[in-house]
Amino acid sequence: MRKFLSTFLVIMALSLTGHTQEMPENSFRGNSSLLQAGISFGYYGYGYVGNRTGFSVPLSLTYEKKFKNHISGGAFVGYANYSYEGYNNYEYGWTFIDFGARASYHYIHFLNDALDMEIDTEKYDFYLTLMLIFESRNYSASDDYYDDYYENDFDVSLGTVAGFRYHLNEKWSLFFEGGRGTFGYGTFGVTAYF
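It should be emphasised that the depicted structure is a prediction, and the values quoted were computed from it without experimental measurement. (Residues numbered from 1 in each chain as written. Predicted model: local features only at pLDDT ≥ 70, side-chain atom pairs only at ≥ 80, totals over all residues. Heavy atoms only, no water.)

Asks: Is there a simple way to think about the pairing of strand β5 (residues 124-141) in this case?
Replies: For a regular strand, side chains alternate in direction, first toward one face of the sheet and then toward the other. Looking at chain direction, strand β4 (residues 91-106) and β5 are connected through 15 bridges and run antiparallel. Across the sheet, the residue bridging to F96 is R137, located in β5. Sheet topology note: the β5/strand β6 (residues 153-167) ladder contains 14 bridges and is antiparallel. Bridge pairing in β6 links T129 to V161. (Pairing = 2+ DSSP bridges. Helix = DSSP H or I, 4+ residues; strand = E, 2+ residues; numbered from the N terminus.)

Asks: Help me understand the pattern of salt bridges in this model?
Replies: Close approach of charged atoms lets side chains of opposite charge pair. One pass over the structure, following the stated rule, counts six salt bridges. Of the charged contacts in the structure, one is a salt bridge between E177 and R102, with a shortest N-O distance of 2.8 Å. Taken together, the residues E177 in strand β7 (residues 172-179) and R102 in strand β4 connect sequence positions 75 residues apart. Salt bridges sharing partners connect three or more residues here, namely E135, R137, D153 and D155. (Salt bridge = Lys/Arg side-chain N within 4 Å of Asp/Glu carboxyl O.)

None of the figures reported here should be taken as evidence of function without further support.
Here is the structure:
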């Protein structure tokens, strides 16, 4: 994560010092805000013994607002639930609620200017995102055998993702984010601009 964070900060610093113009209208679809809904996969976390017997699809909702110089920021929230059946019909489960803040750097202009590329901002948006994640983990079980080991917990962490959006039109995009996001190592979904 340190390597990714260092790369993120270097690219952002180079962009802000070397290219101080306003964000092109199309870099963020020419709108000031976005709302995106996603489904995570490649889940990490809990359930060390037994078989998974049920789950909710890990869902997340993100709001970001455009700022100057290719930066956007906002907030996110997510929900996931997993249940398991262990030995001797022992049942247990986890419920996760994540929320926090995120800041994104949209870097197509940097690639186009510094590397003399011609990536079409009408069709694509590439971005790096840093997330401050607050996660509530609630454990429940059919008996109290593991209660001393598994506890309800609240954790704070940093997450980093590299994102890609494919613009369908002025109002809608499909997106994919890879990295330590809300609930998994990959999240995909749809973005609406307003």
